[in-house]
Amino acid sequence: VMFLAVGCKSSSPSTSPPAGSSTSAAAPVAAATACPSEATDLAKTKFIAHAALGFGAFHRYIYKPYRAGTFRSGAHGRLLAFIKAGLAALFVEHEIRQAGAAAQNSPALCKLILTPLRTVSETVQAAVTKLKGGDASGISTVQNAVTKAESGAASQGAAIVENQTAPLR
């Protein structure tokens, strides 16, 4: 299980586990100690792009099928929906990590958005675990975490806009 373990840039060594090691749900996430005083090139733009891709994939392949009842036993297209949701969850995790890395390079985003991004990452993993057992209740928790992250980003001038007109395939 992988969790988003990013903090703001720090001069102290990281407390996150080395690459390739496993992380449990009870393991602490790396603590943020200091944010940069100046933003690096395109930090906010990169954050918005990665967050929009990740949140859009969540809404399209996980949240919308959940609201439509596609994950229920006996639903038409259930197996395909589960496959798409699993792949989307991997993509969401990747994009959230990339958005977190970009947010680390922006003073305003670093202070405000990293904790909500960690929450999104953790709730996505928990929801996938529940879905494997047939329980789709974790998806609402992810939606709440995404909404909180989106509103936090918007308050810093980094509004995340998803393409709602793209057709589902």
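Residues numbered from 1 in each chain as written. Predicted model: local features only at pLDDT ≥ 70, side-chain atom pairs only at ≥ 80, totals over all residues. Heavy atoms only, no water.

Visitor: Sorry if this is basic, but what is going on with helix H2 (residues 78-103) here?
Guide: An α-helical segment advances 3.6 residues per turn. Residues three or four places apart therefore align on the same side. Here H2 contains 26 residues, and its C-alpha end-to-end distance of 36 Å stays within 8% of the 38 Å for a straight helix at 1.5 Å per residue. Inspection of H2 places Ala 81, Ala 85, Ala 88, Ala 89, Val 92, Glu 93, Glu 95, Ile 96, Ala 99, Gly 100, Ala 102 and Ala 103 among the buried residues, and these make up the whole buried set. Packed against the buried residues of H2 are helix H1 (43-68) and helix H3 (107-132). (Helix = DSSP H or I, 4+ residues; strand = E, 2+ residues; numbered from the N terminus. Expected span 1.5 Å × (residues − 1). Buried < 20%, exposed > 50% of the residue type's maximum accessible area, 1.4 Å probe, protein only. Contact = heavy atoms within 4.5 Å.)

Visitor: Please clarify how the confidence of the model for the protein chain should be interpreted in this entry.
Guide: If pLDDT is low for a region, its predicted coordinates should not be looked at in detail. The pLDDT averaged across the protein chain works out to 76; a share of 75% of its residues lies at or above 70. Of all the helices and strands in the protein chain, H3 carries the lowest mean pLDDT, 86, while H1 carries the highest, 92. (pLDDT = per-residue confidence, 0-100.)

Visitor: Even after reading the chapter, I still don't get empty space enclosed by the protein, so can you show me in this structure?
Guide: For the structure on display, the rule yields 1 cavity of 30 Å³ or more. Looking at the largest cavity, its volume works out to about 40 Å³. Lining the largest cavity we find Phe 58, Ile 62, Val 124, Ala 127, Val 128, Leu 131, Ile 139 and Val 142. For the lining of the largest cavity, the secondary structure elements donating two or more residues are H1, H3 and helix H4 (138-155). By residue number, the principal contributor to the lining of the largest cavity is H3, which donates 4 residues. Looking at side-chain class alone, the lining of the largest cavity contains 8 nonpolar, no polar and no charged residues. (1 Å grid on protein atoms, 1.4 Å probe; cavity = no way out; pocket = protein on both sides within 12 Å on 5 of 7 lines; lining within 4 Å. Points joined across faces, edges and corners; volume = space filled by probe spheres on them. Nonpolar A, V, L, I, M, F, W, Y, C, P; charged D, E, K, R; others polar.)

Visitor: Sorry, what's going on with the side chain of Glu 95 here?
Guide: Along the chain, Glu 95 falls in helix H2. Contact partners of Glu 95, with chain neighbours within four places excluded, come to His 50, Leu 53 and Gly 54.

Visitor: Can you walk me through the packing of aromatic side chains in this structure?
Guide: When we look at a pair of aromatic rings, we describe it by the centre distance and by the angle of the planes. Inspection of the entire model under this criterion finds 3 aromatic pairs. Geometrically, the ring pair formed by Tyr 63 and Tyr 66 is tilted, given 6.3 Å between the ring centres and 40° between the ring planes. Of this pair, Tyr 63 and Tyr 66 both sit in helix H1, separated by 3 residues, roughly a single helical turn. Tyr 66 gets classed as partly exposed once you look at its relative accessible area, which sits at 26%. Linked through ring pairs, Phe 58, Tyr 63 and Tyr 66 together constitute an aromatic cluster. (Phe/Tyr/Trp six-rings, centres within 6.5 Å; stacked < 30°, edge-to-face > 60°.)

Visitor: Can you walk me through H1 in this structure?
Guide: Helix length check: H1, at 26 residues, gives a terminal C-alpha distance of 36 Å against a target of 38 Å (1.5 Å per residue), a fit within 8%. Of all the bends in H1, the greatest, near 40°, is centred on His 59. Residues of H1 that are buried include every one of Ala 43, Phe 47, Ala 51, Ala 52, Gly 54, Phe 55, Ala 57, Phe 58, His 59, Ile 62, Tyr 63 and Pro 65, and no others. Buried residues belonging to H1 abut H2, H3 and H4. Backbone geometry just after H1 places Gly 69 at a positive phi near 85°. (Bend = angle between axes of the 7 residues up to and from the residue.)

Visitor: Where do I start with the pattern of salt bridges in this structure?
Guide: For side chains of opposite charge, pairing can occur when their charged atoms come near one another. Inspection of every chain in the model, using the stated rule, returns 1 salt bridge. As a salt-bridge pair, Arg 97 and Glu 93 come within 4.0 Å of each other at their nearest N and O atoms. Taken together, the positions of Arg 97 and Glu 93, both in helix H2 and 4 residues apart, correspond to about one turn of that helix. Exposure remark for Arg 97: the relative accessible area of 27% places this residue in the partly exposed category. (Salt bridge = Lys/Arg side-chain N within 4 Å of Asp/Glu carboxyl O.)

Visitor: Hey, could you run me through the nonpolar core in this one?
Guide: Across soluble globular proteins, nonpolar side chains show a tendency to be buried alongside one another. Counting 36 residues, the largest nonpolar core has Phe 47, Phe 55, Phe 58, Ile 113, Val 120 and Ile 139 as its most contacted members. Listing elements by their share of this core, those giving two or more residues are H1, H2, H3 and H4. (Core = buried A, V, L, I, M, F, W, Y, C linked by side-chain atoms within 4.5 Å.)

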